[in-house]
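# Architecture and fold: a report
Below are the chains, spelled out letter by letter.
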Amino acid sequence: MTKLPDVATLIAELARAIGTPAPGTIVVGIHTGGVWVAERLAAALPVKLVTGTLAITLHRDDYDLRGIARNANHAHVKSQATRMPVDITGKHILLVDDVVATGRTVRAAMNELFDFGRPASIKLACLADRGGRELPVAPDYCALKLDIPHGEEVVLAKDGDRLTLQFHKK
Amino acid sequence: MPAHPQLDSHGNLKHLLTTEGLPKRLIEQILDTADQFVSIGEREVKKVPLLRGKSVFNLFFENSTRTRTTFEIAAKRLSADVINLNIGASSTTKGESLLDTIHNLAAMDADMFIVRHHSSGAPYLIAQHVKPGVAVINAGDGRHAHPTQGLLDVYTIRHFKKDFTRLTVAIVGDVLHSRVARSQIHALTTLGVPEVRVIGPRTLLPTDVERLGVKVFHDMKRGLEGADVVVMLRLQNERMNGPLLPSAQEFFKTYGLTAEKLARAKPDAIVMHPGPMNRGVEIDSPIADGSQSVILPQVTFGIAVRMAVMSLLAGGDRNE
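This part takes up the overall build of chain B. If you tally the helices and strands in chain B, you get 12 helices and nine strands. Over its C-alpha trace chain B gives a radius of gyration of 19 Å, about what one expects of a compact globule, namely 20 Å for 320 residues. Expressed along its principal axes, the backbone C-alpha trace of chain B runs to roughly 55 × 45 × 40 Å. Taking all 320 residues of chain B together, the buried fraction comes to 49%. Put simply, of all contacts in chain B between residues at least 6 apart along the chain, 77% involve residues at least 24 apart.

Below, the structure written as structure tokens:
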């Protein structure tokens, strides 16, 4: 198995690709991994930007299949919260996720964003794109493209302050 | 055979009928889920799509504007379609039986029934007769239970006091007729509150109330000593002039919450009331509006807790 690249390097690459965002841009991370990436990405950008977080549990599309409780690790969900410190209407949004796969998380995140107002634009940045899209969602900025066999997944893990990308068998 | 009619064979919540016997794990799950819903009330768009396309029937066989309204708001914020039926005023007066009413409503493809009934146990009967996948929430049955009120009360306590395991909670007033008190006591003891006290005159306390794991006080000042939470119960109007009580004024003198009596509790004690309150009967106005009162937050949290219960009941593969 190939070794996955260093996350700090990937974030630096993302920051370089993004360059200088439009003034007033809000960096919004999707829980949980996207929030970790968004914090570091915002710090790496040349201008200081407002950050927010999205906990998309209540906008997922598999509620009828899995319910709210079984959607995710319970203790995990507890710490997640949507936090939008400013009015997003008319603002440019840089939406950040760790790994993009089916696109369903991004769909849910965009729906939730619109509950807060009408943004001027949304751009999507992700650390890694593992393929397997089921919705017409494409990242504007992506540091790593992977082709992962079905039944395996790439997850972002956090150990202290250190982030690593890891392979997991489902 | 499931251990309890409100749980499925995996131990998940299928109906919410009572807090009695409701496992700690499920109570905590409801409270944690409610956390997520509190912030939704503060958004521009106060809605999430979880219950889109589902029909929630509010079946009120007994009048209640507040409880019905908070259930309605909760269901609407979850994007459900809400149908309010004031049954007392319609079919039952024409002689239709409870189960016939339910079968008719089920034929309208209801996904959830919110039931308030003057008879204890009516929501159980309904829960036994609905189709698999249809959930029943007890919104108050007779003197028996009012689980969402009990849960919103423990949610409020957790919000202000964080840890249940060091608390003294005093419940004051007409415990005998109060389904709210019963639901609170079961939830509080399950969550590990070491001391739950009930305070009231002998005529308004159930005879073997100690068996619920509470301490009994007839002297309110002694009962409030060192309490972290003071829960005042509503004295129902119809009881005031009955044989159990001399008068409302007399009751207020002995069991009404005044500044003087509240001073016996801890300085940071919170004051709760399930509403609607009778000022000057069970609670003095300055206390109801005072800095220790959390009566209005209770109402706000009640919506989030009801959203949590509904979203836990309506989602997922519930066909067993």
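That shown, we press on.
Before going further, it helps to spend a moment on the overall build of chain A. Along the backbone of chain A there are five helices and seven strands. Ordered by position from the N terminus, the helices and strands of chain A form the series α-β-α-β-α-α-β-α-β-β-β-β. Scaling as 2.2 N^0.38, a compact globule of 170 residues should have a C-alpha radius of gyration of about 15 Å, and chain A matches this with 15 Å. Judged by the C-alpha coordinates and their principal axes, chain A covers about 40 × 35 × 35 Å.

Let us look at the nonpolar core. Within soluble globular proteins, side chains that are nonpolar generally end up buried alongside one another. Of all hydrophobic cores here, the largest spans 103 residues; its most connected members are Met112(B), Val172(B), Val229(B) and Val230(B). Considering each element in turn, this core owes the most residues, 12 residues, to helix H12 (residues 295–314) of chain B. Each residue touching Val230(B), except ones within four places of it in the same chain, is listed here: Ala170(B), Val172(B), Leu224(B), Leu257(B), Leu262(B), Ala265(B), Ala269(B), Val271(B) and Met272(B). Counting 40 residues, the second-largest nonpolar core is a separate cluster that includes Val7(A), Ile88(A), Ala128(A) and Ala143(A).

A few words now on the interface of chain B and chain A. On the side of chain A, 19 residues touch chain B, which itself brings 16 residues to the contact. Residue assignment for the side of chain B that touches chain A shows that the elements contributing at least two residues are helix H1 (24–38) and H12 of chain B. If one sorts the elements of the side of chain B that touches chain A by residue count, H1(B) sits on top with four residues. Per-class residue counts for the side of chain B that touches chain A are five nonpolar, seven polar and four charged.

His31(A) connects to Thr32(A) through a cis peptide bond whose omega is 0°. Following the sequence through the fold, Thr32(A) ends up in the loop between strand S1 (26–30) and helix H2 (33–44). In this structure, the amide linkage connecting Gly275(B) to the following residue, Pro276(B), adopts the cis form with an omega of -15°. With respect to the helices and strands, the residue Pro276(B) is situated in the loop between strand S9 (270–272) and helix H11 (285–288). Here the phi dihedral of Asp109(B) falls at roughly 65°; this positive angle occurs in a residue that is not glycine. With respect to the helices and strands, the residue Asp109(B) is situated in the loop between helix H3 (98–106) and strand S3 (112–117). On the basis of neighbour count, Asp109(B) is assigned to the exposed category, with 10 C-beta atoms found within 10 Å. Located in the positive-phi region is Lys162(B), a residue other than glycine, with phi close to 65°. As for its placement among the helices and strands, Lys162(B) is situated in the loop between helix H5 (147–161) and strand S5 (168–172).

The next thing to look at is the confidence of the model for chain B. Per-chain confidence: chain B averages 91 in pLDDT, with 94% of residues scoring 70 or above. Confidence estimates for the predicted assembly give a pTM of 0.87 and an ipTM of 0.73.

A few words on the sheet that holds S3(B). Residue and element names in this part refer to chain B. Taking strand neighbours across the sheet as the criterion, the four strands line up as S2-S1-S3-S4 in an open arrangement whose pairing is parallel. Where the open sheet ends on each side, the last strands, each with one partner, are strand S2 (81–86) and strand S4 (135–141). Neighbour-to-neighbour, the strand axes of the sheet open up by a mean angle of 15°, direction not taken into account. Alignment of strand S1 (residues 55–60) against S2, held across six bridges, turns out to be parallel. Opposite Asn58, over in S2, you have Asn84 as the bridge partner.

All names here are of chain A. The buried fraction of S1 is high, at five of five residues. Note: S1 against strand S2 (residues 50–54), five bridges, orientation parallel. Residue pairing across strands places Ile26 opposite Val50, the latter belonging to S2. Read as a crossover between parallel neighbours, the route from S1 over H2 to S2 is right-handed. When S1 meets strand S3 (residues 92–100), the two strands line up parallel, connected through four bridges.

With that settled, consider the packing of helix H2 (residues 65–77) of chain B against H12(B). All names here are of chain B. Running from N to C, H2 and H12 cross one another at 60°; their axes reach a closest spacing of 8 Å. On the basis of their axis angle, the class for H2 and H12 is oblique. Here the hand of the crossing between H2 and H12 comes out right-handed. Residues Thr70, Phe71, Ile73, Ala74, Ala75 and Arg77 of H2 pack against Gly302, Ile303, Arg306, Met307 and Met310 of H12. Taken together, the residues of the contact of H2 with H12 break down into seven nonpolar, two polar and two charged.

Residue and element names in this part refer to chain A. By secondary structure assignment, the location of Ile18 is in helix H1 (residues 7–18). The class for Ile18 is partly exposed, based on 19 C-beta atoms found within 10 Å. Sequence separation between Ile18 and Leu45 is 27 residues; the distance between their C-alpha atoms is 8.1 Å. Among residues more than four places away in sequence, those in contact with Ile18 are Leu45, Ala125 and Tyr141.

Turning our attention to the sheet that holds strand S6 (residues 195–199) of chain B. Residues and elements named next belong to chain B. An order of S7-S6-S5-S8-S9 is seen for the five strands of this open sheet, with the pairing classed as parallel. Edge positions in the open sheet fall to strand S7 (215–217) and S9, since each of these has one partner strand only. Along the sheet, successive strands turn relative to each other by an average axial angle of 20°, direction set aside. Note that S6 and S7 share three bridges and pair parallel. Note that in S7 the partner of Val198 across the bridge is Val216.

Moving on, we come to the packing of H1(B) against H12(B). Residue and element names in this part refer to chain B. Remark: H1 packs on H12, axes separated minimally by 8 Å, with the N-to-C direction vectors making an angle of 120°. Two packed elements cross with a definite hand, and for H1 against H12 that hand is right-handed. Between H1 and H12, the residues in contact are Gln29, Ile30, Thr33, Ala34, Phe37 and Val38 and Phe301, Ala304, Val305, Met307, Ala308, Val309, Ser311 and Leu312, respectively. Split into classes, the residues belonging to the contact of H1 with H12 amount to 11 nonpolar, three polar and no charged.

How each quantity is defined
Residues numbered from 1 in each chain as written. Chains lettered and ligands numbered in written order. Predicted model: local features only at pLDDT ≥ 70, side-chain atom pairs only at ≥ 80, totals over all residues. Helix = DSSP H or I, 4+ residues; strand = E, 2+ residues; numbered from the N terminus. Rg over C-alpha atoms; globule rule 2.2 N^0.38 Å. Buried ≥ 20, exposed ≤ 12 C-beta atoms within 10 Å, placed from the backbone. Contact = placed C-beta atoms within 7 Å. Core = buried A, V, L, I, M, F, W, Y, C linked by C-beta atoms within 7 Å. Nonpolar A, V, L, I, M, F, W, Y, C, P; charged D, E, K, R; others polar. pLDDT = per-residue confidence, 0-100. Pairing = 2+ DSSP bridges. Axes fitted to C-alpha atoms, helices over the stretch in contact; angles between N-to-C directions. Right-handed = clockwise from strand over helix to strand, strands pointing away. Parallel < 35°, antiparallel > 145°, perpendicular 65-115°, else oblique. Left-handed = near helix turned anticlockwise from the far one by under 90°.

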